[in-house]
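For reference, the chains in residue letters:
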Amino acid sequence: MELHKIEKLIEKYFEATATVAEEEMLKSYFSEDDIAPHLEQYAPLFKYFSKVKEERFTKQIQLKPKINYLKWVSVAAIAIFMVGFYFYQPTPPPVTLADEYTAEEIESAKEALALLAMNFNKGTEQLYYLEEFEKTTNKFLIKNN
């Protein structure tokens, strides 16, 4: 086989573009004793593939497991389900204000909240005047700098 052709095939092989037939040509070339000295570094690779092709697995494969784990997993799942069912406590329906307080208590709470809101609004109105004061003060301070 031509040396130049073998070099191109090795290049294609390492770029993963070689066909199966080209790989077989490389294997047959490297299985021979007459290999170019600069290509001898690739010989163990192709010889390894030839040896591995002949290897066979001879150990006995056990198809059925010794312990049936699936049976015990299903028993454990049922036991967990039963424990959960035993300790299950449904949540009570939500309590409304009418159930918890009398109408008089609700009305007095509304009045207290209305009074609080009114006083809060008075306080926020005073903040508006403070904000205006700050704006005018800043105008004078900026002009003086």
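This text follows the structure it describes.
Visitor: Help me understand the overall build of the protein chain, please; the structure alone is not making it clear to me.
Guide: Helix and strand counts for the protein chain come out as six helices and zero strands. Ordered by position from N to C terminus, the α and β elements of the protein chain give α-α-α-α-α-α. A compact globule built from 145 residues should have a C-alpha radius of gyration of about 15 Å, whereas the protein chain, at 45 Å, is more than 25% larger. Along the longest, intermediate and shortest principal axes, the C-alpha atoms of the protein chain span 105 × 75 × 20 Å. Relative to its 145 residues, the protein chain shows a buried fraction of 10%. Counting contacts in the protein chain only where the partners sit at least 6 residues apart, residues at least 24 apart contribute 38% of the total. For the protein chain, the accessible area works out to roughly 13,700 Å², and carbon and sulfur atoms hold 62% of it.

Visitor: Where do I start with the packing of aromatic side chains in this structure?
Guide: Two aromatic rings are characterised by how far apart their centres lie and by the angle between their planes. Taken as a whole, this structure holds five aromatic pairs when the rule is applied. An aromatic cluster of three or more residues is present, and its members are Y13, F14 and Y42.

Visitor: Got a minute to help me understand the packing of helix α2 (residues 20-31) against helix α3 (residues 43-54) in this structure?
Guide: Axes are the key here: two packed helices are described by the angle between their axes and the distance separating the axes. It is at 9 Å that the axes of α2 and α3 come closest, and there the two elements cross at 105 degrees. On the basis of their axis angle, the class for α2 and α3 is roughly perpendicular. Residue-level contacts link E24, L26, K27 and F30 of α2 to A43, F46, K47, F49 and K53 of α3. In the contact of α2 with α3, the residues fall into five nonpolar, no polar and four charged.

Visitor: How do you make sense of the pattern of salt bridges when you look at a structure like this?
Guide: A side chain of one charge can pair with a side chain of the opposite charge when the charged atoms of the two come close. Across all of its chains, the model carries five salt bridges by this definition. Between E22 and K12 there is a salt bridge, and its shortest N-O distance comes to 2.9 Å. Pair noted here: E22 is in helix α2 and K12 is in helix α1 (residues 3-14), with a separation of 10 residues, a long-range link. The buried category is assigned to E22, whose relative accessible area is 16%. The class of K12 is partly exposed, set by a relative accessible area of 28%. Connected through shared salt-bridge partners, E131, E132 and K135 make up one network.

Visitor: In this structure, what is going on with a nonpolar patch on the surface? I would like to understand it.
Guide: Together, I78, F81, M82 and F85 make up an exposed nonpolar region whose accessible area comes to about 500 Å². In this structure, F81 sits in helix α4 (residues 69-87). Classification of F81 as exposed rests on a relative accessible area of 56%.

Visitor: Looking at this model, I keep getting lost on the nonpolar core. Mind explaining?
Guide: In summary, soluble globular proteins display a tendency toward joint burial of nonpolar side chains. In this structure, I6, I10, L26, Y29, F30, I35 and L39 are the most contacted members of the largest nonpolar core, which totals 13 residues. Of all the secondary structure elements, the ones that give two or more residues to this core are α1, α2 and α3. Examining the composition of this core, we find that four residues originate from one element, α1, more than from any other. Every residue in contact with I35, bar those within four places of it in the chain, is listed here: Y29, F30, E40 and A43.

Definitions and limits used
- Residues numbered from 1 in each chain as written.
- Predicted model: local features only at pLDDT ≥ 70, side-chain atom pairs only at ≥ 80, totals over all residues.
- Heavy atoms only, no water.
- Helix = DSSP H or I, 4+ residues; strand = E, 2+ residues; numbered from the N terminus.
- Rg over C-alpha atoms; globule rule 2.2 N^0.38 Å.
- Buried < 20%, exposed > 50% of the residue type's maximum accessible area, 1.4 Å probe, protein only.
- Contact = heavy atoms within 4.5 Å.
- Areas by Shrake-Rupley, 256 points an atom, 1.4 Å probe, with all protein chains shown as cover.
- Phe/Tyr/Trp six-rings, centres within 6.5 Å; stacked < 30°, edge-to-face > 60°.
- Axes fitted to C-alpha atoms, helices over the stretch in contact; angles between N-to-C directions.
- Parallel < 35°, antiparallel > 145°, perpendicular 65-115°, else oblique.
- Nonpolar A, V, L, I, M, F, W, Y, C, P; charged D, E, K, R; others polar.
- Salt bridge = Lys/Arg side-chain N within 4 Å of Asp/Glu carboxyl O.
- Patch = residues over 30% accessible without salt bridge, like charges linked within 9 Å, V, L, I, M, F, W, Y side chains within 5 Å.
- Core = buried A, V, L, I, M, F, W, Y, C linked by side-chain atoms within 4.5 Å.

Any functional reading would require information that these geometric values do not contain.
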